[in-house]
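Spelled out, the chains give:
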Amino acid sequence: MTLYIELGGRSVIKRAVRQVVNARSGSQSGISGMFTPQQTAQASEDLTEFLTFLFGGSPIYEGPAIHLFFSCLCTSHAAFDEVRDLFTRELTLRPQ
């Protein structure tokens, strides 16, 4: 069984990405003002595709390099740590 299935599939990954992006948008070091809504939406979709591949839900990944979509979420090492913690929390939530 892949981690992708264990986590709950694409819908869980997509929800986690949306929650993390929303949390970072509202934080002091967030992404608002740095990127247009279209750029943020595209980065979110690319990140969802990358995580789907990373967790074993897709056999190949042909999207942009990871630093391109993480750059809008992580502007420092501390911001990366925050994003990591947000993803860990979001991806391990269980509906029950």
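Rules used throughout
Sequence order as written defines the numbering, with residues in each chain counted from 1. In keeping with the predicted nature of the model, local features appear solely for residues at pLDDT of at least 70, side-chain atom pairs appear and are counted solely at 80 or more, and the whole-chain, interface and lining totals rest on all residues. Water and hydrogen atoms play no part in the side-chain values, which are based on all heavy atoms of the structure. Definition used for salt bridges: Asp or Glu carboxyl oxygen within 4 Å of a side-chain nitrogen of Lys or Arg. In this description a helix means any DSSP run of H or I spanning at least four residues, a strand means any run of E spanning at least two, and both kinds are numbered starting from the N terminus. Here a helix's expected span is defined as the number of its residues, less one, multiplied by 1.5 Å. Working definition: with a 1.4 Å probe on protein chains only, accessible area under 20% of the residue-type maximum means buried, over 50% means exposed, and in between means partly exposed. Think of the arc as the fan of directions from the helix axis to the C-beta atoms.

K.L.:
Please explain the pattern of salt bridges as it appears in this structure.
P.N.:
A side chain with one charge can pair with a side chain of the opposite charge if their charged atoms come near. A complete count under the given rule lists six salt bridges for this structure. With its nearest N and O atoms 3.0 Å apart, the salt bridge here joins Arg 24 to Glu 82. Of this pair, Arg 24 sits in helix 2 (residues 10–26) while Glu 82 sits in helix 5 (residues 77–91), and the two are 58 residues apart along the sequence. Overlapping salt bridges bring together Arg 10, Lys 14, Glu 45 and Glu 49 as one network.

K.L.:
How do you make sense of helix 5 when you look at a structure like this?
P.N.:
Side chains three or four residues apart in an α-helix point the same way, a direct result of the helix having 3.6 residues per turn. Given a rise of 1.5 Å per residue, 15 residues ought to cover 21 Å, and the 21 Å separating the end C-alpha atoms of helix 5 matches this to within 8%. When we look at burial in helix 5, the residues that qualify are Ala 79, Val 83, Leu 86, Phe 87, Glu 90 and Leu 91. Looking straight down helix 5, one finds that the buried residues subtend no more than 115° of arc, so they occupy a single side. Of the exposed residues in helix 5, those oriented more than 90 degrees away from the buried face are His 77 and Ala 78.

Don't take any of this as a statement about function, it's just geometry.
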